[in-house]
Each structure stands twice: as C-alpha cells, then as structure tokens.
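Each chain, written out:
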Amino acid sequence: MKRAIYATALGFSIVAIIMVAVGGYFVFQWTQGPLPEHDGTVTLAGLNDEVTIMRDAQGVPHIYASNMADLRFAQGYVQAQDRWWQMEFWRHTGAGRIQELTGQADSVMSTDIFIRVAGWEAASRRDLEALSPEALQLLEDFSAGVNAYISSRPVSELAFEYNILGLTGVEFEIEEWTPLDTIVWTKAMAWDLSGSHRNRELRNSELLAAYDQALFDDYHVPFPYGMHPTIIQLEDLPEAGAFDPVPEMQDTAGIPGVSSQFAGNFDGGVLFGMGDGIGSNNWVVSGDLTASGMPLLADDPHLGIQAPSIWYEVGLHCRPVTDACPLNVRGFTFASSPGVVIGHNDHIAWGVTNVGWDVLDLYQMEINPENDLQYMWNGEWRDMTVREETIRFGDGTEPLVLEVRETHLGPIINDYQIDEETNEVLGYNNENPLALRWTAHEQGTIVEALMLISEATNWDEFRHALSFWDIPAQNIVYADTDGNIGIQIPGRVPVRTEGHSGRFPVDGTTDEYEWLGFIPYEYLPSVLNPERGYIASANQALVPLEYYSYLQTELADEFGENANYVFHYDWARGWRGQRIVEMIEAVDAHTPETFQAIHGDNKLLFAELIAPTLSEIEMGADDLNEMRDWMLDWDYQLDIDSGQGALFSLFWYRLTNNLYEDQFGEIRDPEGTSREMLSVVYLMDEPNNAWWDDINTFGSVETRDEIVQLSFVEAVALARGRLGDDRAEWQYGDLHTSTFESNPLGASGIGLVENTVNIGPVATGGGAATVNATRWRYDEDDLMTVRSLPSMRMIVDIGDFGNNLSIQTTGQSGHPMSPNYNDMVDDWRLIQYNRMLWFDEDVAENAVSTLTLVPEN
C-alpha cells in the first residue's frame, strides 16, 4: 500500500492577517475567554457534597472534600480548568491522533503512524481491562469531573489553541474524557523513558558493522564501576561480599549491519525532546546527616523542554481524614492523571528518577514470500494477526487505513515508513522486517500503583503499592515520619538468554532469544536505612555487578543457570551521581538550603578531569595557549555568567564533532553525552587511537594533539563570532538558553503566534552531566539551546512539612494569557523555590482565590 502525504499546512499566514483584521473584542474573546473562573460558586451535577478549592498566588490548588468520589471529581474539574489543551493534545498523542486534532500532516504524520503501529492505545485498552474496581472507579470519578468542566463551555472558551487552529479549517468535536485517555499517556511516558528508544539498537548495529570491535568498544565504554558510585552499593546487597562480579557480556547474539527506520521514520523529538541524556536526580539523607535530626528528600526529574510544564502541582485533602476518605497528599501529577505521582502525605514522601533499563528488543523476522501475513518460527510458518488503524485528517481529507501486522513478539515496527523523496507512506517491509518486543505491551497496572502509593503510611505499604508499578521503571526514594529512608526500584524487566545483551537486534525466527520471563518483584533492588545514611540516584548504574551473580544464584531454578539478568548496558556514566555524593558527604548537617545548592550545582567534573591533559597540549600560538590557560583557570561551574564555561562548551562541541563525525557518517551525530565524555577520558590517554584520525584526510593520520588543537582554534573563533572579541564580556548564558515551546502552535513559524504561546529564550546554567542537567542541542543552527532539563524540583523536610519547597519550569496554567502561565520560569532557572504549602492554616492564609463546587441537588 502506498499513499502520498499532502501537507495540509496550518495556514498561519491567514492567522496573521485575521488577527490584524478582527476587532479588539474578538481578540479579547479569543485570548481571555478561555481563562477559567477560580473564584465563586459553581453548581455541578455529579457531586455528593460541597468541595472547596483554594489557590495560592502561583495558581496551585488545594482541594478539600468530604469523600473520595468528590475529591477525584474535583481534581478532574480543576485540571481541566487549568490544562485542558494539554490534556486534549496528550490524549490525541497517546492515541496517534495528532493529525486529526491539528491538521499538520507534514510535521506530525510520521508520529501518528509510529504510535499506531507501536500500538500504544491497543496496549492501553488491555490495561483498562485489568483494572481493579477501585482503580476503575478512580478514573471514572476523575473523568466525570473533567467532563463537567469541558461540557460547561463552548469550544472557543476552552483553549486559545482551538481558536487559532479553527482558522485553518480544522473542525473540532470535543469528546468526553474517558479512563482510556488517562492510560494512553502512561504509554507515551513509558516510551519516552524506555532505555532503548530512538532506534538505539539499530544505530549500534550499524556502528558495529562499520567499525572493528575495538573501535566500537572505545566509543561504548561501559559504566566505570569503581570510578563512580552505583545507586545500590555493595554494602547494600543481600549477603554482601558473598558474590563475585559478573563480567561484561559479549554480544554473541547481536546482528551487525541492520539498517532501518521505525514506522513513519519516527525518532520522538517532536513529542519529548528525547535523546541520550534524559534522566533525573533524587536523593534522601537520614536524620543522622541533617540539622533537624529527621530525613530530607529531594527530586528533580529531567524531561524534554516544553510549555506548559509537564507537571501539575496539587494538594488533595479529605476533610476529615477517615478510613472511607483517607487521602491527604501534596505533590505533582500529570494533567491527564488523578492522584499524585511525586510528593508526600502525612506519613511518607517519595521521589522518582528514571531507571533507564532496557525494556524493549528488536527481532529480525523472516516473512513467507508467498504470504505477507506469515513469519518463520522454529522452522514453520506462523500466522500474524492484523490490527486495523485509521488515521483521520483534521481538514476532512480521506482517511489513511493501516493494517498493522503483529507477531507473538510484537508488531512489525518498521512497516509504513515514509519515502523521504516522494513523501509517500510505504506499505509492508518484507525485506528487513523487525518485530518490537516491549514491556509496555504487557497488561499493566501502573494506575493501581499510583492509587495506592498516595495512601501508604509506612515502608511495607509503600513497597506493596510499588509492586503494581510496572512501567516506566523508576528509582523511587523514600522517607517517613518514623525517620526511615529507603529506595525501591519497581518495574517489569525482562530476563534474556545467554549472549543476548539487548543492545542489538537479534534473530527472530526461533525461540533462542525469546525472553524467559521477568525478574520477580521481590528480587528487584531495594534498600532500607543504609549505614552510610544516604541514597542517591542520577541514572547511573543501578547495582554493582555482584548483584547479577546474586540473581543467577537465587533464580537459577526458575530461569536456568545461564540466563542474563543484566538490567542495562548503557547507563549514564555517573558524573552527576558522583557529584551528588560528593556534596552530600561534604556537609555534616543538611538543611533544605544545602539541598537547594545541590539542585543548582553546575560543576562539570569531566572538564576538571581532562584539564591536566589539555594544559599540556600545544595550541599552535602563544595567544591561543594563553587563552587555553585562561579557560582552565575556572571552577568548572557552568554558571550563567561564566566566560570560561562558554569557551569550554564550544570547545567540547567542536572536539566531539572532529573526533567522531567522520567515522559516524550518516549513522548518527555526536551528542556530547556522558558516554562520549567517558570515551574521551580514555582516549586522552591514547593519543594515537584510531578515533583521533580524520578518515577524510587522505595521506595523513591525525593524532590527539592535532584534533584538540584544531577544536580549540575553532572554539575560540566561534566564541568571538557569537560573543565578541572581549572575553571579559563572554557569558555562558548568552549561548545556553531555554525556550519553552508549546505544541503545536509554538512551531508555527508566525512570530505573533509563537510569541503568544512560547516562553523564552532565557539564559540558563548547567549542561549535560551536571547535576543541574540542562542538556543542549548539538545543531550548529540551534547550538546550545536546551533540549532537556529538570522539569521540576522538590525538597521535602520530613521534620517539618511547612519547610517543603518546590518549583516547576513554567507555571501552573496552560492558558497563555494567564499570569500563572510563565511566572515560575525565572525562579526555576535561578534555582529558587516556592513554599510547598501543606498545613490548612497556611493554605487559607496564602489563598488568593476560593472556588466552591456544590452539588446540583
């Protein structure tokens, strides 16, 4: 099947003309009309009793209700008030219906195709079928509240975005919110946070085929056990010292040279700003290390930059708290979800970071040349199933029907690619079909976990709640009012066969490399009250290699003696984790202020580590040597006002390109990640390594010193061209900026529209591999603009919840005309916080609005 994609452009030139032509009244209605009422009384069908909603100056709501049904209903109502367009866009994203909502065939068609083929919504329907009656009721109560709000207003008063998109011919029919709409976003987040997204296995396969094994290994240097700390440490292991480390596995099963694209040529950037480097930090210290004598906990998840913020802050309070209405919780959730994902209640606090373990595999299949719907399995042709997906277009164009082929391993993920020259949607890919096996395709129970965790009162209840947390796998730190600290890592992690590392596609014609099952929850890493008095995670290696020997011993009867239990081979290389541990250990009595300093730390340990080598390399001229010495006379903090930080970052950009780009060719681009930093640390000690040679210069073989010198000369020229000749005026923040872009209007190309919905650019500190992890783009045309960042920051003082602090990137509101749309940006980038109000009297004293919901009868 082939079909050409014809761009139904948003027609933003029309928007610009009409915005000038229409009267001020209509402009006011379009922009101010969608702002919700936060004060007064609203009568609603579906409520049982009165609900009170108090908002502070930042727009953070505290919802007070006498029963759980009303509390969940009111949360749905409130989140629809403030973030309806975000909810609308997310549910269309999770279902692969972005084109239907926006009319942007040219820019989002590839995304819709991929999501349909990957089966996010189909997997969500399986999750919905598995919900307990209690969890289903939770989602239905939340949905009822959402629907009560969106049915009370015309489309023009729900979101500014409808008014703009409507001018382009897109017609809107607002559908009711359903429990499925909440679940589909969990699949989107699971994909975003999976350890093998963005075709990583395919890129590895192409690189391995292009080089010899030694060159490949010199780039893919494994996590430096012994150099940087793991999250779970050797002392934390069951029977510590009783097991030998498992050696790094050889990839005997991987297939080199597999070249393909996912369906629709999807890479995820349009949705998430994805790429190597996305992660998070969290840590918790016991009362032995705090001034108060009670634990402190911190969290800052790193996600793609966007507007509005991905998080919504909320307080949910039963009044009174009873067995029938036990909820009293404060924290962060997604606009599409009820409850709280990260936060605290009366008894416990918790924070999450991404584990990043490898939860998907690609299998190279063989299709029957006589039957497109059969594949080889253990010597016989086996029938596929076919799932029909219909992509509809916002402008009424004839729908596109996809027949998605599914094996028992998963869908053929590289069908329906897009021809880059003709823009045609191609059909089945029988030349090199790849099946996707992904843990999120298994029937999931994440909703159960989110429901139970908010009500947990102790470690055992916390761990029980997390036994339902299957995707996405997370490092979840814990503290409670009894003074305990801990960490539990939940999630569904596959057990692979010997020789199958998960880093490359494998043969899918037999069961030789089929998953053996999943590691039982009771064997996933967990620690309570470690002797050192702290736990810190920053996406580094989860466990020491001895842990895998422990699993091999304990699970041999279930999976065999040679099963591969290794969670992942491509962890963040530990620079952030090392720095957090350094700063924790440097202070005897921590306070929220010392945690704030850790959140905002911009030190680039990698730069400090290679500085001695750089100081000895001749840069080609005295003035350049002096410039190099000036650059290295630095505290290695990538602060906004750092001139040395600006020059070093430009040098790092040019060094990685000169070092890797010639060998990478079209396979991939350098990205400046922690992996490349570790590779360079080792290459600095090997001045004649083959990576230093520029393969495009025939007749000469370059060495380390030549490439370093060339990179530095180019960096100085870049700095002068972009920042001026006077280095005293150079500032890192003049290069490293954050622009929070809104989907989809933020990429319209029309300044009037973009300036309305986008926020920034604003100068920003930090970078890749710093605790303040504001990773930047490696594109020359968009160099050093932030692509992923700490999406929120939270500090919880278990000794006094009145001291708790929080901030998110942009603001609570999703309405561009609201004062709460962008009022947090400066505090976020300058590592400032808002009080995370908790006590009833503080909430009342700081309330700037009060909305009362009353039942209709």
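Residues numbered from 1 in each chain as written. Predicted model: local features only at pLDDT ≥ 70, side-chain atom pairs only at ≥ 80, totals over all residues. Heavy atoms only, no water.

Observations concerning the sheet that holds strand E14 (residues 380-383)
What the 3 strands build is an open sheet, ordered E12-E13-E14; its pairing is antiparallel. Because the sheet does not close on itself, it has two edges, and the strands there are strand E12 (367-368) and E14. Pairing geometry for E12 and strand E13 (residues 371-377), over 2 bridges, is antiparallel. Each residue of the ladder has a partner; that of Asn-368, found in E13, is Asn-371. (Pairing = 2+ DSSP bridges. Helix = DSSP H or I, 4+ residues; strand = E, 2+ residues; numbered from the N terminus.)

Side note on the environment of Met-294
Inspection of the secondary structure assignment puts Met-294 in the loop between strand E5 (280-285) and strand E6 (296-304). As for Met-294 and Gln-233, which are separated by 61 residues in sequence, their C-alpha atoms are 23 Å apart.

As for the state of the cysteines
Using the criterion set out here, one finds 1 disulfide in the structure. At a sulfur-sulfur separation of 2.0 Å, the disulfide partner of Cys-318 is Cys-325. Taking the torsion about the S-S bond as the criterion, the Cys-318 to Cys-325 disulfide, at about -80°, is left-handed. For Cys-318, a relative accessible area of 0% puts it in the buried group. Classification of Cys-325 as buried rests on a relative accessible area of 1%. (Disulfide = S-S within 2.5 Å. Buried < 20%, exposed > 50% of the residue type's maximum accessible area, 1.4 Å probe, protein only.)

Re the packing of helix H19 (residues 605-616) against helix H22 (residues 674-683)
Orientation of H19 relative to H22, taken along the N-to-C sense of each, is 15°, at an axis distance of 10 Å. As judged from the angle between their axes, H19 and H22 are roughly parallel. Pair H19 / H22 crosses with left-handed handedness. Contacts between H19 and H22 involve Phe-606, Leu-609 and Ile-610 on the former and, on the latter, Met-677, Val-680 and Val-681. (Axes fitted to C-alpha atoms, helices over the stretch in contact; angles between N-to-C directions. Parallel < 35°, antiparallel > 145°, perpendicular 65-115°, else oblique. Left-handed = near helix turned anticlockwise from the far one by under 90°. Contact = heavy atoms within 4.5 Å.)

Digging into the sheet that holds strand E7 (residues 312-318)
A sheet is described by the order of its strands in space; here 11 strands give the open sequence E2-E33-E3-E4-E7-E8-E9-E10-E19-E20-E24, paired in mixed fashion. Every other strand in the sheet has two partners, leaving strand E2 (40-44) and strand E24 (526-528) as the edge strands with one partner each. Neighbouring strand axes in the sheet, compared pairwise and without regard to direction, differ in orientation by 15° on average.

Focus: H22
Given 3.6 residues per turn, any residue in an α-helix points the same way as the ones three and four places further on. Here H22 lies mainly inside the structure; 9 of its 10 residues are buried. Listing the buried residues of H22 in full gives Ser-674, Arg-675, Glu-676, Met-677, Leu-678, Ser-679, Val-680, Val-681 and Leu-683.

Here's the deal with the confidence of the model for the protein chain
Here the protein chain averages 92 in pLDDT, while 94% of its residues score no lower than 70. For the stretch residues 1-14, pLDDT sits under 50, and the model shows 45 contacts to residues farther than four places along the chain or on other chains. (pLDDT = per-residue confidence, 0-100.)

A closer look at the pattern of salt bridges
Counted under the stated rule, the structure contains 37 salt bridges. Between Arg-91 and Glu-88 there is a salt bridge, with the nearest N and O atoms lying 2.8 Å from each other. Here Arg-91 and its partner Glu-88 are both found in helix H3 (residues 68-94), 3 residues apart, which amounts to about one turn of the helix. Note on Glu-88: relative accessible area 2%, which makes it buried. Note that Arg-387 and Glu-406 form a salt bridge whose closest N and O atoms lie 2.9 Å from each other. (Salt bridge = Lys/Arg side-chain N within 4 Å of Asp/Glu carboxyl O.)

Thoughts on a negative patch on the surface
A surface patch of like charges, here negative, comprises Glu-661, Glu-666, Asp-669, Asp-779 and Asp-781. When you line up the elements, Asp-781 lands in the loop between strand E28 (775-776) and strand E29 (786-790). What makes Asp-781 exposed here is its relative accessible area of 74%. (Patch = residues over 30% accessible without salt bridge, like charges linked within 9 Å, V, L, I, M, F, W, Y side chains within 5 Å. Areas by Shrake-Rupley, 256 points an atom, 1.4 Å probe, with all protein chains shown as cover. Lys, Arg positive; Asp, Glu negative; His and termini not counted. Charge placed at Lys NZ, Arg CZ, Asp CG, Glu CD.)

Observations regarding the pairing of strand E25 (residues 534-537)
The alternating pattern of E25 places Tyr-534 and Ala-536 on one face and Ile-535 and Ser-537 on the opposite face, and all of these are buried. In the sheet, E5 pairs with E25 via 4 bridges, with the strands oriented antiparallel. Bridge pairing links Trp-283 to Ala-536 in E25.

Side note on the packing of aromatic side chains
On inspection of all chains with the given rule, the structure shows 47 aromatic pairs. Among the aromatic side chains, those forming a connected cluster through ring pairs are Trp-575, Phe-606, Trp-634, Tyr-636, Phe-648, Phe-651, Trp-652 and Phe-712. Cation over ring: Arg-405 sits above Tyr-428, and NZ or CZ is 4.1 Å from the ring centre. Cation over ring: Arg-532 sits above Tyr-534, and NZ or CZ is 5.5 Å from the ring centre. (Phe/Tyr/Trp six-rings, centres within 6.5 Å; stacked < 30°, edge-to-face > 60°. Lys NZ or Arg CZ within 6 Å of the ring centre and 35° of its normal.)

Focus on the nonpolar core
Grouped together as the largest cluster of nonpolar side chains are 191 residues, with contacts concentrated most on Trp-357 and Phe-567. Here this core takes 12 residues from H3, the largest share from any one element. Leave out the neighbours within four places in its chain, and Phe-567 touches Trp-357, Asp-358, Val-493, Ile-519, Pro-525, Leu-542, Val-543, Tyr-547, Tyr-548 and Leu-551. Core analysis: the second largest hydrophobic core is formed by 63 residues, Leu-624, Met-677, Met-684 and Trp-691 among them. (Core = buried A, V, L, I, M, F, W, Y, C linked by side-chain atoms within 4.5 Å.)

Focus: unusual backbone geometry
Most peptide bonds adopt trans geometry, and most residues besides glycine take a negative phi value. At the junction of Ala-307 and Pro-308, the peptide bond is cis and its omega measures out at -5° in the coordinates. Of note, Pro-308 is situated in the loop between E6 and E7. In the segment running from Ile-471 into Pro-472, the intervening peptide bond is cis, with an omega of -15°. Mapped onto the fold, Pro-472 is located in the loop between helix H14 (459-466) and strand E19 (474-480). Its identity is not glycine, yet Ala-769 carries a phi of approximately 70°, on the positive side. Located in the positive-phi region is Met-784, a residue other than glycine, with phi close to 75°. Counting through the fold element by element, Met-784 comes out in the loop between E28 and E29.

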